[in-house]
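Okay, here's what each chain looks like letter by letter:
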Amino acid sequence: TMPGMGGGQMVPPPLFPGFGQTFPGAMPDMLPPPGLPPSFGATHGGPPDGSANALAALLSPPMGHQQQQQQHGGGMPQGGGMGSRGGPQQGSRSRVVSPPKNVKTAAQEKAESTVRMAEVEKMRCHLHKKPKTSGCKFCKKFTEMLEQAQAKDSKADSSGGGGDVTKKRPDRAISEDRDREQRIGPLELANPKNYGFSGLMQTHVVECAHFKSLLTLETFDALVDETYQFANSVEPYMTNSGTIASALFCCLYRYFTMNLDAHSLNRLMNNQESPFIRCCGFLYARMGLPHDQILRYLGEYLMDDEEFKPSPDSDQKNTIGEYVEMLLSQDKYYSTVLPRLPMATKRHVEERLAALGQNRKRMQANKSIIDVFRERGMRIECNIGGEWRMGSLMEVDDDPPNRPKVRARLDDGTEEYVHLGLVIIADKSVRQVAKHRERSRSRHDWSREKGRTDKELVEDMRSKGRDRAVCSSGKDYARKPVGYKAACALPREQGTASYKLMEEETFVPMSRNKSRRSPTPEREAFPKRQSAEHQARQQQLFEKYGSSARAAGSDGQSKDLVDRTDVMRLG
């Protein structure tokens, strides 16, 4: 019974603890206040005539947010215990709004997309490298599954799953796109069987003792330390050897077997500890990646001015930019052959390499007055896609000091990151100040002059290539292809020490041959002097049989000599 109430009327227990409790002074048959339906108590867990309970819920003070969290521990029906818009009432369970179950985060969508693409990749046809939908049922099924997976991914991106994607910085290298690194996983290789190595070179690497020791290294960092410790040359073979692979190429082949992703390749190409680690990353991109992705990875480093020696015996230093240019422009790498680039890719490479010479000169000129480019708001011109566009300087990004960039805001409102070698000063006031600071002997002021256009440089480069394809003198006809025997007689490209050793073993002075075949007139005029023994023997013969012996015998026997014949005794 409740205190203060007569008759001993029993109040039914509440259905839920803390809900529907009566309060002192409230009558069981009390009607609800106006505006509240009679079934309020029944719908909220109280008795059918729970008007008292409803009134108690209305008159109780609202609970704070912390009290709601403390009391929220059991199974409360959704919407139960809610009174007026003041919030949950005292003695009731608070309602926590949870997100819909069908909403997925960006990480979950990426994980599902990765799993989906892996399942599709398992269905790739084992007969054809490129899918053929016309005559192969396996390729047709693989193509259909791939289109379905791509449709699901695009639908997820359009529905809002791409809100967390980081915006790519304009005109940046593909290796610096962090979102791409996390999205694609291991890089796709053009030839996963030999990784772009020739058959002979692959055999020499696999049979090398150094490479066999590298198989014990399981982590990427351990292999980087191994490359830093032993790689000291970019040549494919060791010095004075044509069969033992160098440490750089052994580590390179081990990198291929690890199936690097874009983030790991980026770490190799941007390594600051050793230039040979960077060269290993450039070789990985040139030899392993498909031809349509090589320029996207290596084009960023064409104006890198870090210097290094290609080998310990080399007297000349090269830059990283020149090394990358050599990988893109040539088909041979020392004594081995690089994967061939299609003609369409070669034309794109020529367009990038044509203006490289004057861009490097402009880079050096701008770096000499780098303090001028730190003035925010200075008017500049940027070469973007072969077209010079006006803009304002925002900041200098010299985080990699060997290839600095500037952030420019163009006149159309867009912002671009441009190499320092593709920027000239357009502000006249800054031009006068810079003139007094720098006095160069060159006729061109590359910090303020555009030079020749990219189109002219490309045409000039291609015309020189056509001239090299024919004879430089004489009739204008194609060069005769070299035969097999003539090719075997050509000198091999070897190291300096190997060439000197071969020259010492096979070199024969030409003067010695001439002395044997055709002696000089001076030697004919002065015959060789005879030995003393030979001269004494000749003297004895002369005394015995010469004119002196005859003269001595003619005094006593002059008459006999007339009538008798001359007799000579031998012995």
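The structure displayed is predicted, hence computed values, not measured ones.

Thresholds applied
- Residues numbered from 1 in each chain as written.
- Predicted model: local features only at pLDDT ≥ 70, side-chain atom pairs only at ≥ 80, totals over all residues.
- Heavy atoms only, no water.
- Helix = DSSP H or I, 4+ residues; strand = E, 2+ residues; numbered from the N terminus.
- Buried < 20%, exposed > 50% of the residue type's maximum accessible area, 1.4 Å probe, protein only.
- Areas by Shrake-Rupley, 256 points an atom, 1.4 Å probe, with all protein chains shown as cover.
- Salt bridge = Lys/Arg side-chain N within 4 Å of Asp/Glu carboxyl O.
- Axes fitted to C-alpha atoms, helices over the stretch in contact; angles between N-to-C directions.
- Parallel < 35°, antiparallel > 145°, perpendicular 65-115°, else oblique.
- Left-handed = near helix turned anticlockwise from the far one by under 90°.
- Contact = heavy atoms within 4.5 Å.
- Core = buried A, V, L, I, M, F, W, Y, C linked by side-chain atoms within 4.5 Å.
- Phe/Tyr/Trp six-rings, centres within 6.5 Å; stacked < 30°, edge-to-face > 60°.
- Pairing = 2+ DSSP bridges.
- Lys, Arg positive; Asp, Glu negative; His and termini not counted.
- pLDDT = per-residue confidence, 0-100.
- Nonpolar A, V, L, I, M, F, W, Y, C, P; charged D, E, K, R; others polar.

Caption draft 1: Representation of the overall build of the chain within the structure. Check the secondary structure of the chain and you find 25 helices and nine strands. Here the chain holds 571 residues, and 34% of them are scored as buried. Looking at the chain as shown, the accessible area adds up to about 37,800 Å², and 52% of this sits on carbon and sulfur atoms.

Caption draft 2: Region of interest: the pattern of salt bridges. Counted according to the given criterion, the structure contains 24 salt bridges. Where Asp305 meets Lys367, a salt bridge forms, and the shortest distance between an N and an O atom there is 2.7 Å. Here the residue Asp305 occupies a position in the loop between helix H13 (291-298) and strand S1 (307-308), and Lys367 occupies one in helix H16 (residues 356-368), the gap between them amounting to 62 residues. Under the relative-accessibility criterion, Asp305 is labelled buried at 19%.

Caption draft 3: Layout of the packing of helix H12 (residues 275-288) against helix H14 (residues 320-329). Packing of H12 against H14 leaves a shortest axis separation of 11 Å and a crossing angle of 25°. For the element pair H12 / H14, the angle class is roughly parallel. Crossing handedness for the pair H12 and H14: right-handed. Two secondary-structure elements touch here, H12 through Pro275, Arg278, Cys279, Phe282, Leu283 and Arg286 and H14 through Ile320, Tyr323, Val324 and Leu327.

Caption draft 4: A look at the nonpolar core. By size, the foremost hydrophobic cluster in this structure holds 79 residues, and its most contacted members are Phe197, Tyr255 and Tyr323. Excluding residues that lie within four positions of it along the chain, Phe197 makes contacts with Gln202, Val205, Phe249, Leu252, Tyr253, Phe256 and Met287.

Caption draft 5: Structural detail: the packing of aromatic side chains. Evaluated as defined, the whole model comprises 14 aromatic pairs. Both rings, one in Phe197 and one in Phe256, keep their centres 6.2 Å apart while their planes meet at 85°; by these two values the pair is edge-to-face. With Phe197 in the loop between helix H6 (178-184) and helix H7 (199-206) and Phe256 in helix H10 (residues 247-258), this residue pair connects regions lying 59 residues apart in the sequence. Of the two residues, Phe197 and Phe256, both sit in the buried class. Considering the side-chain rings of Phe211 and Tyr253, the 5.3 Å spacing of their centres and the 85° angle between planes classify their relative orientation as edge-to-face. Here Phe211, found in helix H8 (residues 209-214), pairs with Tyr253, found in helix H10; they are 42 residues apart in sequence, far enough to count as distant. Tyr253 carries the same exposure label as Phe211, and that label is buried. Here the aromatic residues Tyr195, Phe197, Phe211, Phe249, Tyr253, Phe256, Phe276, Tyr284, Phe308, Tyr323, Tyr333 and Tyr334 are joined through ring pairs into a cluster of three or more.

Caption draft 6: Spatial organisation of H14. Burial within H14 is extensive, with seven of its 10 residues counted as buried. Three or more residues of H14 are buried, namely Ile320, Gly321, Tyr323, Val324, Met326, Leu327 and Leu328.

Caption draft 7: Layout of the sheet that holds strand S8 (residues 415-419). The five strands lie next to each other as S8-S7-S6-S5-S9, forming an open sheet whose pairing is antiparallel. Both edges of this open sheet fall to S8 and strand S9 (423-425), since each of them pairs with a single strand only. Sheet twist, expressed as the average angle between the axes of neighbouring strands with direction ignored, equals 45°. Pairing of strand S7 (residues 405-410) with S8, which is carried by five bridges, proceeds in the antiparallel orientation.

Caption draft 8: Structural view of the side chain of Arg254. Among the structural elements, Arg254 can be located in helix H10. Buried charge without a partner: Arg254 forms no salt bridge, and the closest opposite charge is Glu218, 4.2 Å away. Setting aside chain neighbours within four positions, we find Arg254 in contact with Phe211, Leu214, Leu215, Leu217, Glu218 and Leu223.

Caption draft 9: Expanded view of the confidence of the model for the chain. Counting all residues, the mean pLDDT for the chain is 74, and 63% of those residues have values of 70 or more. The least confident element of the chain is helix H1 (residues 40-43), whose mean pLDDT is 45; the most confident is H12, at 96. Long-range and interchain partners of residues 14-26, a stretch whose pLDDT sits below 50, account for 28 contacts in this model, where long-range means more than four residues apart. Predicted confidence for residues 161-183 stays below pLDDT 50, and this span has 38 contacts to residues more than four positions away or in other chains.

Caption draft 10: Representation of unusual backbone geometry. Even without a glycine there, the phi angle at Tyr195 is positive, about 55°. When you line up the elements, Tyr195 lands in the loop between H6 and H7. Classification of Tyr195 by relative accessible area gives buried; the value is 12%. A positive phi angle, close to 60°, is found at Asn240, a residue other than glycine. Tracing the backbone through its elements, the reader meets Asn240 in the loop between helix H9 (220-230) and H10. Accessibility expressed as a relative area gives 47% for Asn240, which makes it partly exposed.

Caption draft 11: Fine view of the environment of Pro339. Topologically, Pro339 is positioned in the loop between strand S4 (336-337) and helix H15 (343-353). Separated by 48 residues in the primary sequence, Pro339 and His291 place their C-alpha atoms 8.9 Å from one another. Apart from the residues within four sequence positions on either side, Pro339 is in contact with Gly196, Arg286 and Met287.

Caption draft 12: Up close: the packing of H9 against H10. The N-to-C vectors of H9 and H10 enclose an angle of 170°; their axes lie 9 Å apart at closest approach. It follows from the interaxial angle that H9 and H10 lie roughly antiparallel. Within the contact between the two elements, H9 uses Phe220, Leu223, Val224, Glu226, Thr227 and Phe230 and H10 uses Ala247, Cys251, Arg254, Tyr255 and Met258. Class assignment of the residues belonging to the contact of H9 with H10 gives a composition of eight nonpolar, one polar and two charged.

Caption draft 13: Molecular detail of the pairing of strand S5 (residues 379-384). Two strands pair when backbone bridges link them, and S5 and strand S6 (residues 387-397) are joined in this way by six bridges, in the antiparallel orientation. When the sheet's bridge partners are listed, Arg379 is paired in S6 with Ser392. Taking the residues between adjacent antiparallel strands as the criterion, S5 and S6 are bridged by two residues, where Gly385 takes a positive phi near 65°. Judged from the three bridges that link them, S5 and S9 form a sheet pairing that is antiparallel. Paired with Glu381 across the two strands is Ile424, which belongs to S9.

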